[in-house]
Amino acid sequence: MNKDDLLRYNRQIIIPEFGESGQQKLIDSSVLVIGAGGLGAPILQYLSAAGVGRIGIVDFDEVSLSNLQRQVLFNTKEIGQSKAKTASEKLSLLNPSIQFDVYESPINSLNAMKLIEPYDLVVDGSDNLPTRYLVNDACFLLQKPLVYGAIFRFEGQVSVFNALKTDGSRGPNYRDLFPTPPPPEMVPSCSEGGVLGVLPGIIGSMMANEAIKLLVGMGELLSGKLFVFDALDFSTFKLNIEANPDNPISGQHPTIKELIDYEAFCMGAVKQESIKEISVQELKERLDKGAVELIDVREDYEYEIANLGGKLIPLNKVLSRSNEIPKDKEVVMMCKMGGRSKKAIELLQKEGFENLINLKGGITAWQQEIDSSMKAY
Amino acid sequence: MKVKITAFGIAKDIVGGKHLELEVNGQELSLVRKDLISQFPDFEKLASLKFAVNTNYVDDSYQLNENDEVVLIPPVSGG
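The shown structure was predicted, so the numbers you read here are calculated from the model rather than taken from an experiment. Counting restarts for each chain, with residues numbered from 1 along the sequence as it is written. For this description, chains carry letters from A and ligands carry numbers from 1, given in the order in which they are written. With pLDDT at 70 or above as the cut-off, local features in this predicted model cover only qualifying residues; side-chain atom pairs require 80 or more to be listed or tallied, and sums for whole chains, interfaces and linings still use all residues. To obtain the side-chain values, all non-hydrogen atoms of the structure were used and water was disregarded.

Enquirer: Whenever I open this one, the overall build of chain A confuses me. Can you help?
Expert: In this description a helix means any DSSP run of H or I spanning at least four residues, a strand means any run of E spanning at least two, and both kinds are numbered starting from the N terminus. For chain A, the count of helices and strands is 15 helices and 13 strands. With C-alpha atoms as the basis for the radius of gyration, the globule rule is written as 2.2 Å multiplied by the number of residues raised to the power 0.38. For 377 residues, the compact-globule formula gives about 21 Å, and the C-alpha radius of gyration of chain A, at 23 Å, lands near that figure. Along the first, second and third principal axes, the C-alpha atoms of chain A reach 75 × 50 × 40 Å. Counting every position in chain A, which comprises 377 residues, the buried fraction comes to 51%. Of the contacts formed within chain A by residues at least 6 apart in sequence, a portion of 66% connects residues at least 24 apart. What sets the accessible areas is the Shrake-Rupley method with a 1.4 Å probe; for residues, cover comes only from the shown protein chains. A total of about 17,300 Å² of accessible surface is found on chain A, and carbon and sulfur atoms cover 51% of it. This count recognises Lys and Arg as positive and Asp and Glu as negative, with His and chain-terminal groups excluded. The atoms used to mark charge sites are NZ of Lys, CZ of Arg, CG of Asp and CD of Glu. Of the side chains in chain A, 39 bear a positive and 50 a negative charge, and the two mean positions are spaced by 1 Å. Think of it in three bands: residues with accessible area under 20% of the maximum for their type are buried, residues over 50% are exposed, and the middle band is partly exposed, with areas taken using a 1.4 Å probe on protein chains only. The contact criterion used throughout is that any non-hydrogen atoms of two residues lie within 4.5 Å.

Enquirer: I tried to follow empty space enclosed by the protein on my own but got confused; where do I start?
Expert: Where empty space is left becomes clear once a probe the size of a water molecule has been rolled over the atoms. Using protein atoms alone on a 1 Å grid, points that fit a 1.4 Å probe yet trap it form a cavity, whereas open point sets bounded by protein on both sides within 12 Å along at least five of seven lines form a pocket; residues with an atom within 4 Å of a point count as lining. Grid points are joined across faces, edges and corners, and a volume is the space filled by probe spheres set on the points. Counted according to the given criterion, the structure contains one cavity of 30 Å³ or more. Taken as a whole, the largest cavity holds about 40 Å³ of empty space. Lining of the largest cavity is provided by A:Leu177, A:Phe178, A:Pro179, A:Thr180, B:Ser48, B:Leu49, B:Lys50, B:Tyr57 and B:Pro75. Note on residue categories: nonpolar means Ala, Val, Leu, Ile, Met, Phe, Trp, Tyr, Cys or Pro, charged means Asp, Glu, Lys or Arg, and polar means any other residue, Gly included. Residue composition of the lining of the largest cavity, by class: six nonpolar, two polar and one charged.

Enquirer: Is there a simple way to think about the UniProt feature "domain: Rhodanese" (unreviewed entry) in chain A in this case?
Expert: UniProt positions are given in the numbering used here, feature names are shortened, and annotations may be inferred rather than shown by experiment. Following the UniProt record, one finds the feature "domain: Rhodanese" (unreviewed entry) at residues 288–375 of chain A. Secondary structure within residues 288–375 of chain A divides into 32% helix and 16% strand; the distance between the first and last C-alpha atoms comes to 21 Å.

Enquirer: I would appreciate a short explanation of unusual backbone geometry in the present structure.
Expert: Across residues other than glycine, the phi torsion is negative in most instances, and most of the peptide bonds are trans. The residue A:Gln143 is not glycine, and still its phi comes out positive at about 55°. Positionally, A:Gln143 belongs in the loop between helix H7 (129–142) and strand E5 (146–152). Even without a glycine there, the phi angle at B:Asn54 is positive, about 60°. Here B:Asn54 lies in the loop between strand E3 (51–53) and strand E4 (56–58). What makes B:Asn54 partly exposed here is its relative accessible area of 30%.

Enquirer: Can you walk me through the side chain of A:Gln367 in this structure?
Expert: Residue placement: A:Gln367 occurs in helix H15 (residues 362–369). When sequence neighbours within four positions are dropped, the list of residues in contact with A:Gln367 reads A:Ser372, A:Met374, A:Lys375 and A:Ala376.

Enquirer: Looking at this structure, I do not really get the pattern of salt bridges. What am I missing?
Expert: Proximity of charged atoms lets side chains of opposite charge pair with each other. Salt bridge, as applied in this entry: a Lys or Arg side-chain nitrogen positioned within 4 Å of an Asp or Glu carboxyl oxygen. Overall, the coordinates contain 24 salt bridges over all chains when judged by the stated rule. Residue A:Glu155 is joined to B:Lys12 by a salt bridge in which the shortest nitrogen-to-oxygen separation is 3.8 Å. Taken together, the residues A:Glu155 in strand E6 (residues 155–161) and B:Lys12 in helix H1 (residues 9–15) connect one chain to another. Judged on exposure class, the residue A:Glu155 and its partner B:Lys12 are both buried. Of the charged contacts in the structure, one is a salt bridge between B:Lys12 and A:Asp230, with a shortest N-O distance of 3.6 Å. Within this pair, whereas B:Lys12 is found in helix H1, its partner A:Asp230 is found in strand E7 (residues 225–230), the two belonging to separate chains. Taken together, the salt bridges that share partners define one network made up of A:Glu155, A:Asp230, A:Asp233, B:Lys12 and B:Lys18.

Enquirer: Where do I start with the interface of chain A and chain B in this structure?
Expert: As a measure of interface size, the accessible area lost when the parts come together is often cited. Facing 42 residues of chain A, the contacting portion of chain B comprises 24 residues. In this description, buried area is defined as the sum, over both parts, of the accessible area (probe of 1.4 Å) that is lost when the two are combined. Both faces considered, chain A and chain B share a buried interface measuring about 2,700 Å² in area, 58% of it formed by carbon and sulfur atoms. Taken together, the connections running from chain A to chain B amount to five salt bridges. Measuring nitrogen to oxygen at the nearest pair gives 2.8 Å for the salt bridge that ties A:Asp230 to B:Lys18. What qualifies as a polar contact is a pair of N or O atoms within 3.5 Å, subject to a donor-acceptor requirement within protein and to the restriction that residues adjacent in sequence count only when both atoms come from side chains. Here chain A is connected to chain B by 17 residue pairs in polar contact (both at pLDDT 80 or more).

Enquirer: Teacher, can you tell me more about the packing of aromatic side chains here?
Expert: Pairs of aromatic rings are described using the distance from one ring centre to the other and the angle between the two planes. For this analysis, a ring pair means two rings from Phe, Tyr or Trp (six-membered ring only for Trp) whose centres lie within 6.5 Å, classed as stacked if their planes differ by under 30 degrees, edge-to-face if by over 60, and tilted for the remaining angles. In this structure the tally under the stated criterion is nine aromatic pairs over all chains. Residues A:Tyr148 and A:Phe161 carry aromatic rings whose centres are separated by 5.2 Å and whose planes lie at 35° to one another, so their mutual orientation is tilted. In this pair, A:Tyr148 sits in strand E5 while A:Phe161 sits in strand E6, placing the two residues 13 residues apart along the sequence. With a centroid separation of 6.0 Å and 45° between ring planes, the pair formed by A:Phe237 and B:Phe8 is classed as tilted. Taken together, the positions of A:Phe237 in strand E8 (residues 235–240) and B:Phe8 in the loop between strand E1 (2–7) and H1 put the pair across two chains. The burial state of A:Phe237 is the same as that of B:Phe8; both residues are buried. An aromatic cluster is built from A:Tyr133, A:Tyr148, A:Phe161, A:Tyr174, A:Phe178 and A:Phe265, whose rings are joined through pairwise contacts. Taking the ring centre of A:Tyr119 as reference, the NZ or CZ of A:Arg54 above it sits at 4.7 Å. Working rule: Lys NZ or Arg CZ, within 6 Å of ring centre, within 35 degrees of ring normal, means a charge sits over the ring.

Quick look at the structure:
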């Protein structure tokens, strides 16, 4: 460590539990951060400031106006720029000695093992359930520790999965905590359910804290425990997580030996191949040609923000109002991002509908690919 | 017996608040699940949810004691 490093990291080096050896461990460490969004921003900022030697940033998205309420790493001028790239540029200014690896494609079952393999630790700040199971499974298969955090409105969860224990075994993982994903509409994302701006700041900082503890080897990790925080009443809860012998990846008789299709896994009983899909471009062609039967399954307030003129029947009313949906011609079902309309089709197919097509990506894809003047939310 | 329930995440939306007291006719935890589904039909969608009592996950055959707290923690995915 040179003189500058000793000065830069002085305030943590002088902590007895941390010391110069702790700092050296951070400098020699590598961390892959999945998602440079609400959680990713504070995780990346604190890990960079603390001096983790090599940091990988995975995010395929661009900075958008609705990010700025919570993703404090970015500013208004950066709207439209690559999040991963912009983050690495700004963090390099914060700490020029760090090697940043920028990955601008989505993590998926095909690339996850290769992405994660070179790193000592993964920190998951992704924003959807399929990615959470994917990252969990890849980390288990590669025997990498994983710092987990997730947020919803005023609530956050934090844990450390697959941490190496003193007896050489690994701590519990996400599948011990949540063996079976609930239906997608029960797990809203920030864009569907909303989130208080400071919450990812709080939870992301806690995740950075666990990452630093793990790399330095100090204190007690949140391994085998799920920490839950509710900012609304400032209550906290710690749940004990035990390794489940029936865990399909880490249990006594594992059935998952390589990565699977996590989108399909999280759709549960929905057989994706049984639902026909249409892209926003195809829908536009059909709309230009003339009449398209279009049903919008979002809520009233969402419809007011932006719509394509479809008939509004919210998801929870599609069954009771199914008589309003034609059966004798093709009907395109849409929502915000394509999840709820898929669910609606699944429900209606059970009632005998065979003419329903899902709009892939929903009105969000339309706003991004067809009409950028449309209000996004 | 009276059972105290604490709900997080989407479970809070379904049962209409963070804290709830249920009067169940027996001690087995499975009765709480049944009662929640009959009172709040949307709870059926969380059928896969494991229940915690106090600070540990338990099976639905768990026998509840006075002052036990049933805690519902569904996954959240935001980031």
